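Fold and geometry: a report
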Amino acid sequence: MFPAPPQAVPSASDLSRAEIVAGLVDLLGTTKVDTDEHELRDASVDRFRKYTSVHGIFTGPIPAAIVCPGSTEEVSKVLAFANEHRINVVPRTGRTATEGGLETLVENTIVLDGSTMDDIVSIDPVNMMVTAQCGVPLQRLEDALREQGLTTGHSPQSKPLAQMGGLVATRSIGQFSTLYGGIEDMVVGLEAVFPDGTVSRIKNVPRRAAGPDIRHVVIGNEGALCVITEVTVKVFRYQPENNRYFGYLLDDLEDAVERLRTLITDGYRPSVCRVYSPEDANQHFSHFSQNKNVVVLIAEGPEGIARATAEAIENTFDGADIVDPRLIADWFENLNWGQDKIDAEKLAMLESRNLGYTTEVSVDWSNVTALYDAVMHRVKTEFPRAADLTLLGAHSSHSYQTGTNLYFVYDYDIKCPPEREITEYHIPLNAIIVEEALRLGGSMVHHHGIGKYRTPWTREEHGSAYHLLEVLKRGFDPNGIMNAGTIYPVS
Ligand SMILES: Cc1cc2nc3c(=O)[nH]c(=O)nc-3n(C[C@H](O)[C@H](O)[C@H](O)COP(=O)(O)OP(=O)(O)OC[C@H]3O[C@@H](n4cnc5c(N)ncnc54)[C@H](O)[C@@H]3O)c2cc1C
């Protein structure tokens with residue numbers, strides 16, 4: 001039995017839709033309050049419902065307004081107003097969310113769009129940090145840093161579109177994470193606004209032992225506790241001239257994962273460490289993958305470190321078939337997704353009725369291939385529409401001392417009306433992967449966030465520690481106005 005999609009929730013507000021809009025116009029003026037019907041419809045979903053939305057089908061509550069505050073003070077005013085009148089608020093920035101975090105589950109929601117708060121506040125090349133408002137796209141920040149020979153080291157595939165607020169709110173991770181870490185390793189300090197309008201600024205210090213690390217109340221909150229208005233992240237020297245690219249073909253997934261584990265646990269940190277199953281490899285590397293597992297690695301950093309890392313890679317993958325490094329470098333050049341690829345995907349979905357989604361989980365080293373095998377087996381034997389799958393595979397793309405992630409990819413032909421795509425295909429596949437990750441002691445979500453579609457398992461994910469999450473919600477959002485149904489299941 002697979003879970004049902006989240007259900008619409010009636011508004012708890014004492015104000016009508018028109019009164020909410022009028023109140024927002026009073027606070028911000030008409031130019032910052034958008035009630036255009038098409039914009040509102042689009043704002044009711046994210047990429048979890050990309051197939052239904054491309055067909056113009058919007059079945060959930062349509063928000064009352066999209067507001068675009070120009071300052072932290074205006075964010076504070078909007079939240080205080082929403083809190084007083086119990087209006088649901090969904091924050092957004094780059095709108096690349098994939099897990100339903102942007103769905104407006106409650107009637108007459110306010111969508112709070114931070115993308116117009118887009119100043120790069122300061123670049124500090126001495127103390128190696130950059131401060132940016134929530135609406136700065138990561139690509140723009142990187143371009144500005146690279147002019148000074150610097151980089152954030154953060155490179156999610158959505159870098160051209162995703163913005164700093166959303167990147168921090170989802171605990172995002174980039175392709176070079178094994179060297180630079182996830183966003184949680186990069187955030188030095190930040191500013192956030194809480195539902196009652198309180199503005200909290202966590203100062204920038206190299207480290208401190210002044211109680212629990214309160215940055216982590218904000219990082220990964222997915223708009224369910226507060227709105228992030230500004231962030232400061234570390235920067236590093238950008239030295240691509242030292243990069244060395246590696247590719248290998250291996251017959252056996254377990255062998256590939258074991259060599260990766262050896263490399264990492266021996267203490268090496270290539271920026272990129274990826275192992276693709278043969279099925280997944282075929283969609284990226286059909287020109288050389290030969291139906292084998294493909295390993296992709298990049299050694300980077302200061303010259304001496306890059307050289308030592310490269311030597312360790314060559315030793316660890318000794319005996320595997322070597323791929324021409326130029327093929328790996330070329331592949332990286334075209335990996336990121338801008339608006340052009342999103343638009344092309346929309347056209348393709350309409351023309352071909354074939355769609356691809358992903359579910360990313362993590363697990364310790366001992367259980368990587370067990371998880372892969374279990375998911376492949378269950379999907380093939382239990383998923384009622386297995387015959388419609390055109391791709392099912394996985395890759396590991398972010399590795400740690402104790403384990404790695406598995407990023408499952410699945411494409412399918414849609415042989416049902418568009419409005420049933422989610423329940424017939426996406427939810428069952430997502431459920432199988434999440435259940436198997438939890439069964440093997442892993443995490444049900446590695447980097448996309450819980451959104452609204454993995455909430456059936458939030459309690460199981462956290463076990464007895466779910467209590468801590470509940471206390472955070474009660475403490476920071478007692479009226480339950482922040483992004484209802486995200487992280488926390490609707491009660
Ligand atoms: C093609 C593609 C590739 C992707 N690749 C990666 C990848 O490599 N790594 C990765 O980690 N993710 C990836 N993602 C997922 C997505 O890009 C990330 O989750 C990203 O961090 C979202 O940032 P955003 O600015 O688009 O946020 P949005 O989509 O606007 O919002 C995401 C979530 O954060 C909340 N939120 C947004 N802004 C704020 C704020 N200011 N304060 C509080 N809450 C807020 C929203 O309510 C929502 O729940 C990819 C997505 C796509 C479409």
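Residues numbered from 1 in each chain as written. Predicted model: local features only at pLDDT ≥ 70, side-chain atom pairs only at ≥ 80, totals over all residues. Heavy atoms only, no water.

Let's shift gears to helix H14 (residues 339–352). Compared with the 20 Å implied by 1.5 Å per residue over 14 residues, the 20 Å span of H14 between its first and last C-alpha is a close match. Among all positions of H14, only Ile 342, Glu 345 and Met 349 are buried. Buried residues of H14 fall within an arc of 55° about the axis and therefore sit on the same side. Residues of H14 that are exposed and point over 90 degrees away from its buried face: Asp 340, Leu 347 and Glu 351. In this structure, the buried side of H14 is in contact with helix H3 (50–54) and strand S16 (354–364). Among the residues trailing H14, Arg 353 stands out with phi positive, at a value near 50°. (Helix = DSSP H or I, 4+ residues; strand = E, 2+ residues; numbered from the N terminus. Expected span 1.5 Å × (residues − 1). Buried < 20%, exposed > 50% of the residue type's maximum accessible area, 1.4 Å probe, protein only. Arc of directions from axis to C-beta. Contact = heavy atoms within 4.5 Å.)

Mapping Glu 382 onto the fold places it in helix H15 (residues 368–382). Between the alpha carbons of Glu 382 and Pro 428 there is a distance of 9.4 Å; along the sequence they are 46 residues apart.

The next point concerns the pairing of strand S18 (residues 403–413). Most of S18 sits out of view: 10 of its 11 residues are buried. Relative to S18, strand S17 (residues 389–396) is paired through 6 bridges, and the arrangement is antiparallel. In the strand pairing of S18, Leu 392 is matched with Tyr 410. Joining the antiparallel neighbours S17 and S18 is a turn of 6 residues. (Pairing = 2+ DSSP bridges.)

In terms of nonpolar packing, the biggest core is built from 49 residues, with Leu 297, Leu 371, Phe 408 and Tyr 412 touching the most fellow members. Mapped onto the domain boundaries, this core takes at least three residues apiece from domain 2 (240–333) and domain 3 (339–449). Those residues in contact with Phe 408 that sit more than four places away from it in its chain are Tyr 357, Thr 358, Thr 359, Val 361, Leu 371, Tyr 372, Val 375, Gly 393, Ala 394 and Ile 433. One finds Leu 141, Leu 150, Ile 183 and Val 272 within the second-largest nonpolar core, a separate group that totals 43 residues. (Core = buried A, V, L, I, M, F, W, Y, C linked by side-chain atoms within 4.5 Å. Domains from an automatic or database assignment.)

Our focus in this paragraph is the packing of aromatic side chains. Enumeration over the complete set of coordinates arrives at 15 aromatic pairs. Ring centres of Tyr 276 and Phe 285 lie 5.1 Å apart, and the angle between their planes is 85°; on these two criteria the pair is classed as edge-to-face. A single burial state applies to Tyr 276 and to Phe 285, both of which are buried. Taken together, the ring pairs connect Phe 48, Tyr 357, Phe 383, Tyr 412, Tyr 425 and Tyr 453 into an aromatic cluster. The ring of Tyr 357 has Lys 50 sitting right over it, with the charged end atom 4.7 Å from the ring centre. (Phe/Tyr/Trp six-rings, centres within 6.5 Å; stacked < 30°, edge-to-face > 60°. Lys NZ or Arg CZ within 6 Å of the ring centre and 35° of its normal.)

Where H15 meets helix H16 (residues 421–439), the axes come as close as 10 Å, and the angle between the chain directions of the two elements is 145°. The crossing of H15 and H16 is right-handed. Between H15 and H16, the residues in contact are Leu 371, Ala 374, Val 375, Arg 378 and Val 379 and Leu 429, Ile 432, Ile 433, Glu 435, Glu 436, Ala 437 and Arg 439, respectively. (Axes fitted to C-alpha atoms, helices over the stretch in contact; angles between N-to-C directions. Left-handed = near helix turned anticlockwise from the far one by under 90°.)

What follows is about the sheet that holds strand S2 (residues 65–67). What the 4 strands build is an open sheet, ordered S1-S2-S4-S3; its pairing is mixed. Edge positions in the open sheet fall to strand S1 (33–34) and strand S3 (89–92), since each of these has one partner strand only. Pairing geometry for S1 and S2, over 2 bridges, is antiparallel. Paired with Asp 34 across the two strands is Ile 66, which belongs to S2. Strands in contact with helix H4 (residues 72–85) are S2, S3 and strand S4 (110–113); relative to S4, the strand with the most contacts, it is inclined by about 165°.

The full set close to the ligand counts 32 residues, and Pro 91, Thr 93, Thr 96, Ser 158 and Ile 173 are the nearest of them. Take Pro 91: an N or O atom from its main chain is 2.6 Å from an oxygen atom of the ligand. With respect to the ligand, the side chain of Thr 170 contributes an N or O atom lying 2.7 Å from an oxygen atom. In isolation the ligand offers 970 Å² of accessible surface; the protein chains occlude 96% of this area. Secondary-structure elements contributing two or more residues to the shell around the ligand are S3, helix H6 (164–169) and strand S10 (227–234). Per-element tally for the shell around the ligand: the top contributor is H6, with 4 residues. Grouping the amino acids of the shell around the ligand by side-chain chemistry returns 12 nonpolar, 16 polar and 4 charged. (Near = heavy atom within 4 Å. Polar contact = N/O pair within 3.5 Å; in protein donor to acceptor, adjacent residues only side chain to side chain. Areas by Shrake-Rupley, 256 points an atom, 1.4 Å probe, with all protein chains shown as cover. Nonpolar A, V, L, I, M, F, W, Y, C, P; charged D, E, K, R; others polar.)

In this section: the UniProt feature "domain: FAD-binding PCMH-type" (unreviewed entry) in the chain. As recorded in UniProt, the sites labelled "domain: FAD-binding PCMH-type" (unreviewed entry) are residues 59–238. The span residues 59–238 is 23% helical and 24% strand by assignment, and the distance between its end C-alpha atoms comes to 46 Å. (UniProt positions renumbered as here; feature names shortened; annotations may be inferred.)

Burial runs high along strand S8 (residues 187–193): 7 of the 7 residues are buried. Note: S8 against strand S9 (residues 199–202), 4 bridges, orientation antiparallel. Bridged to Glu 191 within S9 is Arg 201. The hairpin formed by S8 and S9 contains 5 residues between the paired strands, and Gly 197 there has a positive phi angle of roughly 95°.

A few words now on unusual backbone geometry. Excluding glycine, residues mostly have negative phi values, and the peptide bonds linking residues are mostly trans. In this structure, Arg 95 is a non-glycine residue whose phi angle is positive, near 65°. Residues other than glycine seldom take positive phi values, yet Arg 171 does so here, at roughly 55°. With respect to the helices and strands, the residue Arg 171 is situated in the loop between H6 and helix H7 (177–180). Exposure remark for Arg 171: the relative accessible area of 34% places this residue in the partly exposed category.

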